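Listed below are the residues making up each chain.
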Amino acid sequence: MHRPLAILFSAFLTLASHASFTPDLVRIDPCGAQRGTELDIHLHGARLDQPAELLFHRPGIEVLKLEEKNPKQVTARIRIAPDAELGEHPLRLRTSGGVSFLRSIWVGQFPTVMEKEPNNDFESPQAVELNTTVQGVAKSEDEDVYSVVLKKGQPLSVEVEAMRLGRLFFDAYVAILDPKRFELAACDDATLLYTDAFASIVAPADGEYRIIVREAAYEGNDASRYRLHIGSFPRPTAAFPPGAKPGETLDFRFIGDPSGELTRTITIPPAASGRYPIFSERDGLLSPSPNWIEVSPLEHTPEIEPNEGFKAATPAPAIPFAVHGILSKKEDIDWFRFTAKKGQNLDFKILARSLRSPLDSVIIIHDSNSKGLVNNDDQGSPDSFLKWTCPEDGEYSVSVRDKLMRFAPDFHYRLEVTERSPAISATLPVAERNQSQVKKVLTVPRGNRYATVVNISRSNLACDALFESDPLPSGIRMHVPPIPRSLNSFPIVLEAAADAPIAGGYHSFTIRATGDKAPEVSGPLREEIHHIEVNNQGPYHSTFSEKIAVAVVDEAPFTLSLDTPPTPIVQRGTIKLKVRAQRKDGFDEAITLRFLWKPPGIGSPATIKLEKGKSEIDYEINANADAPAGDWKICMLAEANTPNGPVVVSSSLVPLKVTEPWLTASIDLSATEQGRNISVISQFEHLKKFEGVAKAELMGLPHGTKTKPLEFVHGTEQITFPIEVAKDAAVGKHSALFLRIQIPDNSSTILHQTGHGGTLRIDKPSPKQVASKTEDQKPKDKNPSAKPLSRLEQLRKQAK
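Caption draft 1: Quick peek at the overall build of the protein chain. Looking only at helices and strands, one finds three helices and 68 strands in the protein chain. Here the protein chain has a C-alpha radius of gyration of 37 Å; the compact-globule value for 800 residues is 28 Å, and the former is much larger. Once the C-alpha set of the protein chain is aligned to its principal axes, its extents read approximately 145 × 90 × 75 Å. For the protein chain, the residues scored as buried account for 49% of the 800 residues in total. Long-range pairs, those at least 24 residues apart, make up 67% of the contacts in the protein chain between residues at least 6 apart in sequence. As displayed, the protein chain offers around 37200 Å² of accessible surface, 49% of which is attributable to carbon and sulfur atoms. The positive charge centre, built from 93 side chains, and the negative charge centre, built from 102, are 10 Å apart in the protein chain.

Caption draft 2: Region of the structure containing the confidence of the model for the protein chain. Mean pLDDT over the protein chain stands at 93; residues scoring 70 or higher make up 94%. Scored below 50 in pLDDT, residues 1–16 makes ten contacts in the model with residues more than four places away or belonging to other chains.

Caption draft 3: Seen up close, the pattern of salt bridges. Counted according to the given criterion, the structure contains 47 salt bridges. One salt bridge connects D29 with R225, and the closest N-O pair in it is separated by 2.6 Å. Of the two residues, D29 is situated in strand 1 (residues 24–29) and R225 in strand 19 (residues 225–231); the sequence distance between them amounts to 196 residues. For D29, a relative accessible area of 13% puts it in the buried group. Accessibility expressed as a relative area gives 19% for R225, which makes it buried.

Caption draft 4: Quick peek at the sheet that holds strand 50 (residues 569–570). Taken in spatial order, the three strands of this open sheet run 50-59-56, and their pairing is mixed. Only two strands of the sheet have a single partner each, and these edge strands are strand 50 and strand 56 (630–634). Pairing of strand 56 with strand 59 (residues 654–659), which is carried by five bridges, proceeds in the antiparallel orientation. Bridge pairing in strand 59 places K633 opposite P655.

Caption draft 5: Main features of the environment of P519. Among the secondary structure elements, P519 is positioned in the loop between strand 45 (509–514) and strand 46 (522–534). Remark: the alpha-carbon pair of P519 and L461, spanning 58 residues in sequence, is separated by 8.6 Å.

Caption draft 6: Here's a closer look at the packing of aromatic side chains. For the structure shown, the criterion picks out 15 aromatic pairs. Within the aromatic cluster, the residues linked to one another by ring pairs are F321, F338, F348, W388 and Y396. One residue, R235, lies across the ring of F198, its end atom 5.8 Å from the ring centre.

Caption draft 7: Spotlight on the sheet that holds strand 17 (residues 198–202). Here we have five strands laid out as an open sheet, ordered 10-12-19-14-17, and mixed in their pairing. Each edge of the open sheet is held by one strand with a lone partner, namely strand 10 (112–114) and strand 17. Across this sheet, the average inter-strand angle for adjacent strands is 20°, counted without regard to direction. Across six bridges, the pairing between strand 12 (residues 132–137) and strand 19 is antiparallel.

Caption draft 8: Local environment of the side chain of E161. Relative to the helices and strands, E161 resides in strand 14 (residues 155–161). Relative accessible area serves as the criterion here: at 1%, E161 is assigned to the buried category. A distance of 2.8 Å separates polar atoms of two side chains, one belonging to E161 and the other to H229. When neighbours within four sequence positions are excluded, E161 is seen to be in contact with W106, D196, R225, Y226, R227 and H229.

Caption draft 9: Main features of the pairing of strand 7 (residues 87–95). Across the nine residues that make up strand 7, a large majority, nine, are buried. Pairing of strand 4 (residues 51–56) with strand 7, which is carried by five bridges, proceeds in the antiparallel orientation. Looking at the pairing, E53 lines up with R94 of strand 7. Across five bridges, strand 7 lies against strand 9 (residues 103–108) in antiparallel orientation. Looking at strand 9, one finds that E88 is bridged to W106. Examined bridge by bridge, strand 7 and strand 8 (residues 98–99) share two bridges and lie antiparallel to one another. Bridging across to strand 8, T95 finds its partner in G98. Between strand 7 and the antiparallel strand that follows it, strand 8, lie two residues.

Caption draft 10: Structural detail: the environment of R761. If you trace the backbone, R761 turns up in strand 68 (residues 748–763). Classification of R761 by relative accessible area gives partly exposed; the value is 36%. Distance in space between the C-alpha atoms of R761 and G523 is 59 Å, their sequence separation being 238 residues. With residues near it in sequence (within four places) discarded, R761 still touches S670, A671, T672, G732 and K733.

Caption draft 11: Seen up close, the pairing of strand 66 (residues 718–725). Residues I719, F721, I723 and V725 line the buried face of strand 66, whereas the alternating positions Q718, T720, P722 and E724 sit on a face that is not buried. Note that strand 62 (residues 678–686) and strand 66 share six bridges and pair antiparallel. Following the sheet pairing, Q683 is matched in strand 66 by Q718. Examined bridge by bridge, strand 64 (residues 705–706) and strand 66 share two bridges and lie antiparallel to one another. For K706, the partnering residue across the bridge sits in strand 66 and is E724.

Caption draft 12: Summary view of the side chain of R414. For R414, the position within the fold is in strand 37 (residues 412–419). At 3.0 Å, the side chain of R414 and the side chain of S296 are in polar contact. Engagement of the side chain of R414 in a polar contact is seen with the side chain of E416, the distance being 2.8 Å.

Caption draft 13: Representation of unusual backbone geometry. Residue F240 is joined to P241 through a cis peptide bond whose omega torsion reads 5°. Tracing the sequence through the fold places P241 in the loop between strand 20 (238–240) and strand 21 (243–244). For the bond from E305 to P306, the omega torsion is -5°, close enough to zero to count as cis. You will see that N746, though not glycine, has its phi angle at about 55°, which is positive. Within the fold, N746 resides in the loop between strand 67 (732–745) and strand 68. A residue is classified by how much of its surface remains accessible, and N746, at 80% relative accessible area, is exposed.

Caption draft 14: Looking closely at the environment of P702. Structurally, P702 can be placed in the loop between strand 63 (693–699) and strand 64. The sequence separation of P702 and D631 amounts to 71 residues, and the corresponding C-alpha distance is 38 Å. In contact with P702, not counting residues within four places along its chain, are A730, H734, L760 and I762.

Reading the values: the criteria
Residues numbered from 1 in each chain as written. Predicted model: local features only at pLDDT ≥ 70, side-chain atom pairs only at ≥ 80, totals over all residues. Heavy atoms only, no water. Helix = DSSP H or I, 4+ residues; strand = E, 2+ residues; numbered from the N terminus. Rg over C-alpha atoms; globule rule 2.2 N^0.38 Å. Buried < 20%, exposed > 50% of the residue type's maximum accessible area, 1.4 Å probe, protein only. Contact = heavy atoms within 4.5 Å. Areas by Shrake-Rupley, 256 points an atom, 1.4 Å probe, with all protein chains shown as cover. Lys, Arg positive; Asp, Glu negative; His and termini not counted. Charge placed at Lys NZ, Arg CZ, Asp CG, Glu CD. pLDDT = per-residue confidence, 0-100. Salt bridge = Lys/Arg side-chain N within 4 Å of Asp/Glu carboxyl O. Pairing = 2+ DSSP bridges. Phe/Tyr/Trp six-rings, centres within 6.5 Å; stacked < 30°, edge-to-face > 60°. Lys NZ or Arg CZ within 6 Å of the ring centre and 35° of its normal. Axes fitted to C-alpha atoms, helices over the stretch in contact; angles between N-to-C directions. Polar contact = N/O pair within 3.5 Å; in protein donor to acceptor, adjacent residues only side chain to side chain.

This is the structure:
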């Protein structure tokens with residue numbers, strides 16, 4: 001074999017032996033199953049070869065076997081624990097070449113049956129047993145009909161998982177009809193389930209009842225899959241109280257089920273915090289999905305009716321505290337009385353819609369005379385939030401009502417009142433609009449690097465920060481630059497050793513306040529995945545976690561390096577960063593480069609392309625006039641399509657120095673006419689000394705004008721550019737002139753851009769000058785000084 005061809009063939013075999021990069025997991029079938037069972041699930045997508053493990057967010061599911069059928073399908077044998085929590089279990093597939101997007105499998109308490117077509121006729125429904133889960137598809141103009149047999153007084157609840165499956169925008173509708181086709185209950189969207197639906201009845205008579213499921217506007221398709229729970233389980237719309245303390249045991253009232261209220265004693269785990277799911281129970285059956293409460297260490301108390309007005313207001317515990325209430329009657333307004341001290345900075349936060357309550361709250365703080373002081377309706381969501389500084393020591397009250405004065409037994413809420421305190425947390429940025437999953441996993445090829453940006457959120461806090469992680473996979477090191485208080489984001493680089501084992505998992509990261517007089521406060525790096533997003537409407541189903549997937553993957557076919565800039569970049573200056581790709585034999589595809597993180601005041605192109613077969617390129621960045629002087633760490637991100645799929649790597653962090661300019665310049669106003677040359681004068685103010693000869697170019701000249709660069713040395717106060725102006729030069733006031741100056745610095749140059757706003761005005765020649773030129777072009781008399789003859793003198797001359 002010819003040697004070059006042999007090398008290429010060998011390189012191809014090497015790439016082919018590696019797993020595909022960036023596995024694309026699209027769907028899981030079936031999308032749910034009964035707990036306490038063992039079954040096969042099928043993972044479909046692309047580049048799924050060499051599967052290694054399923055990474056679950058929650059316990060309760062064990063993987064017994066993972067088998068690759070082909071690069072587009074993987075089969076997993078799983079065992080669901082009998083006590084696995086009901087509801088969504090997010091997971092990722094890790095292969096030797098990467099980690100997939102987050103998908104979900106749903107755990108239920110009932111056996112699953114599949115929809116059987118045809119079942120779109122009221123008279124010919126698909127009969128199912130009570131306490132069954134049906135997996136089906138709502139196609140275009142499709143209406144799926146199921147039937148169950150009930151006795152009079154028997155409860156029936158149905159709940160559909162559609163949008164929550166995270167497949168696509170699928171607005172499900174569900175209805176329960178009696179044997180005579182009368183609609184007993186129907187639902188399109190439920191606050192408790194967002195856009196998913198549920199309905200409940202108590203059977204008014206013996207008979208065969210129908211359940212109808214469809215897309216709300218009959219616009220389903222082959223991908224509009226759903227899971228429909230049909231049973232005698234309870235389906236309350238609210239739980240009260242809507243909050244508890246960690247480790248606390250409470251009797252919770254479950255409200256809104258047609259069969260009446262239920263009470264269940266529940267102990268909150270000591271480690272629980274934030275939003276926490278609780279389930280109602282009846283006759284050994286749980287609701288398919290939870291009601292939500294807030295868990296925090298705040299002392300809490302329920303409202304005591306009647307509590308309208310300052311005098312009747314329910315006394316609240318000492319600040320900080322939480323109070324719980326329900327707006328259950330007409331024109332209901334709940335009042336709570338509290339004591340505050342002058343200068344106390346307090347936050348008032350309603351948790352209602354965030355706990356799936358229909359309430360659209362309004363809160364008002366009143367003085368002891370019931371006079372309203374401040375109020376709030378919405379603060380980024382229908383839930384109210386208010387910052388308030390107490391003006392004087394004394395008693396005050398806070399009232400809660402619905403914006404439209406609506407009321408119902410499930411209009412429940414929790415109001416938290418806390419003193420303002422410092423807080424810090426971190427998130428990964430959204431890389432693509434309406435696709436929050438992009439670049440939310442940290443995969444590092446062996447012997448290579450991966451970089452990402454981390455965003456910081458500080459509240460009531462101004463401090464430097466320190467970013468840390470729990471022990472990462474073997475062979476990975478994390479590089480983090482200093483994080484001064486002025487930054488709201490920063491880059492990190494993960495580097496894997498060439499012999500790092502291919503492995504991965506979920507890991508925790510922490511952002512911590514540091515520096516002089518910084519409080520001891522830290523927070524997690526939170527992952528926020530929106531499975532379904534719609535333009536201008538926001539997310540419809542999301543998953544939140546404080547665990548980030550990190551993995552070592554197969555070697556990439558190239559590495560990336562970024563040269564340390566030889567000179568600083570000055571305010572209003574530019575610099576070219578030298579980027580180099582070290583390609584392996586056989587790989588010559590184009591590489592997209594991105595300047596990952598921009599220090600304050602630094603700008604750059606979003607991306608540039610390193611063309612096919614090329615190995616180095618200049619990436620120009622610029623600094624604006626307000627770019628703060630300082631030392632930063634920067635890196636470059638690179639993405640390429642390889643024979644094994646897309647792969648992303650990064651350079652290491654290198655220093656970038658931003659400094660004040662060596663000089664500034666101004667350009668004097670100049671004016672001329674077409675065809676008339678002129679000189680443009682520039683004045684210098686020297687701020688730093690430099691050695692050698694600098695070169696200045698006058699930029700921004702209009703069409704029809706030109707000049708040459710000038711050289712000067714330190715201390716030169718002004719330079720004059722001779723401007724050639726053509727007869728067809730562009731007429732007008734041209735105010736885009738500036739100087740591009742190269743100042744020598746050792747063996748390199750520092751590029752300055754200064755003197756912006758210089759003006760050159762070009763006019764058309766004046767009419768007098770045009771007339772004079774025209775007269776000059778006429779034939780001249782031979783005797784221009786002779787006096788013209790009169791008519792009489794001309795006749796006498798002719799007579800002679």
